[in-house]
Every structure is written in structure tokens, then in C-alpha cells.
Amino acid sequence: MAKDVVCGMDVDERQASSEDLISSYLGQTYYFCSKQCKKQFDQEPQRYAAPAVPPDQTDRQTGEQYLG
Ligand SMILES: [Zn+2]
């Protein structure tokens, strides 16, 4: 099982391969659940392929503050 780095879903590598939902970036292979996720990744691979986020930025996962 691989992880779709765009939406966070688990992806079956074999299925992704058969549907051409794969991208390579910096020597790493990425698998996606859908064409949309692959397209998003292809547009901004550095955004999704980036290594660990610094600890002080992890709190924006909730996003509640942005609702106004
Ligand atoms: Zn996805």
C-alpha cells in the first residue's frame, strides 16, 4: 500500500500502475487515487513531495481559525 500524498488516501500500487496514476519526482515514485490527485501533484510536486513540515506549522491541520 502506498499513500496518496495529495488527499492522504491509501492507494494500491498495482491499481495505480494499471490506471497510470503515478508520478515521479526527485527520484521518488508517487501513487494517486485519481487523475485529479495526480494532476494536482504534477502542478505543484514540491508542495506535496516536501519532507516533514516543521513542528511549529503542524497546528494548521484544524483550520477552524480560518472560518471567520
Ligand atoms: Zn487522492
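Everything that follows concerns the structure shown earlier in this document.
First, a word on what this report is: a plain description of the structure on this page.

Criteria and cut-off values
Residues numbered from 1 in each chain as written. Predicted model: local features only at pLDDT ≥ 70, side-chain atom pairs only at ≥ 80, totals over all residues. Helix = DSSP H or I, 4+ residues; strand = E, 2+ residues; numbered from the N terminus. Pairing = 2+ DSSP bridges. Core = buried A, V, L, I, M, F, W, Y, C linked by C-beta atoms within 7 Å. Buried ≥ 20, exposed ≤ 12 C-beta atoms within 10 Å, placed from the backbone. Contact = placed C-beta atoms within 7 Å.

## Describing unusual backbone geometry
Inference 1: With a phi angle near 60 degrees, Asp20 is a residue other than glycine that sits in the positive phi range.
Inference 2: Relative to the helices and strands, Asp20 resides in the loop between α1 (13-18) and β3 (22-25).
Inference 3: Not every positive phi belongs to a glycine, and Leu26 is a case in point at roughly 50 degrees.

## Some thoughts on the pairing of strand β4 (residues 28-31)
Inference 1: Bridging between β3 and β4 involves four bridges; their strand directions are antiparallel. In the strand pairing of β4, Tyr25 is matched with Gln28.
Inference 2: The turn joining β3 and β4, which pair antiparallel and follow one another in sequence, is formed by two residues; a positive phi near 50 degrees is taken by Leu26.

## Focus on the environment of Tyr48
Inference 1: With respect to the secondary-structure elements, Tyr48 resides in helix α3 (residues 45-49).
Inference 2: Here the alpha-carbon distance between Tyr48 and Val6, two residues 42 residues apart in the chain, equals 6.4 Å.

## Focus on the nonpolar core
Inference 1: Counting residues in hydrophobic clusters, the biggest one holds 10 residues: Val5, Val11, Ala16, Leu21, Tyr30, Tyr31, Phe32, Cys33, Cys37 and Phe41.
Inference 2: Secondary-structure elements contributing two or more residues to this core are β4 and α2 (35-43).
Inference 3: Non-local contacts of Tyr31, meaning those with residues more than four positions away in its chain, are made with Ala2, Asp4, Val11, Glu13, Ala16, Leu21 and Ile22.

## With respect to the environment of Ile22
Inference 1: In this structure, Ile22 sits in strand β3.
Inference 2: Given 17 C-beta atoms within 10 Å, Ile22 falls into the partly exposed group.
Inference 3: When the C-alpha atoms of Ile22 and Cys37 are compared, they prove to be 9.9 Å apart, with 15 residues separating the residues in sequence.
Inference 4: When neighbours within four sequence positions are excluded, Ile22 is seen to be in contact with Ala16, Ser17, Thr29, Tyr30 and Tyr31.

## Brief notes about the environment of Asp42
Inference 1: Following the sequence through the fold, Asp42 ends up in helix α2.
Inference 2: For Asp42, a count of 13 C-beta atoms within 10 Å gives the class partly exposed.
Inference 3: Residues Asp42 and Tyr25 lie 17 residues apart in sequence; the distance between their C-alpha atoms is 8.9 Å.

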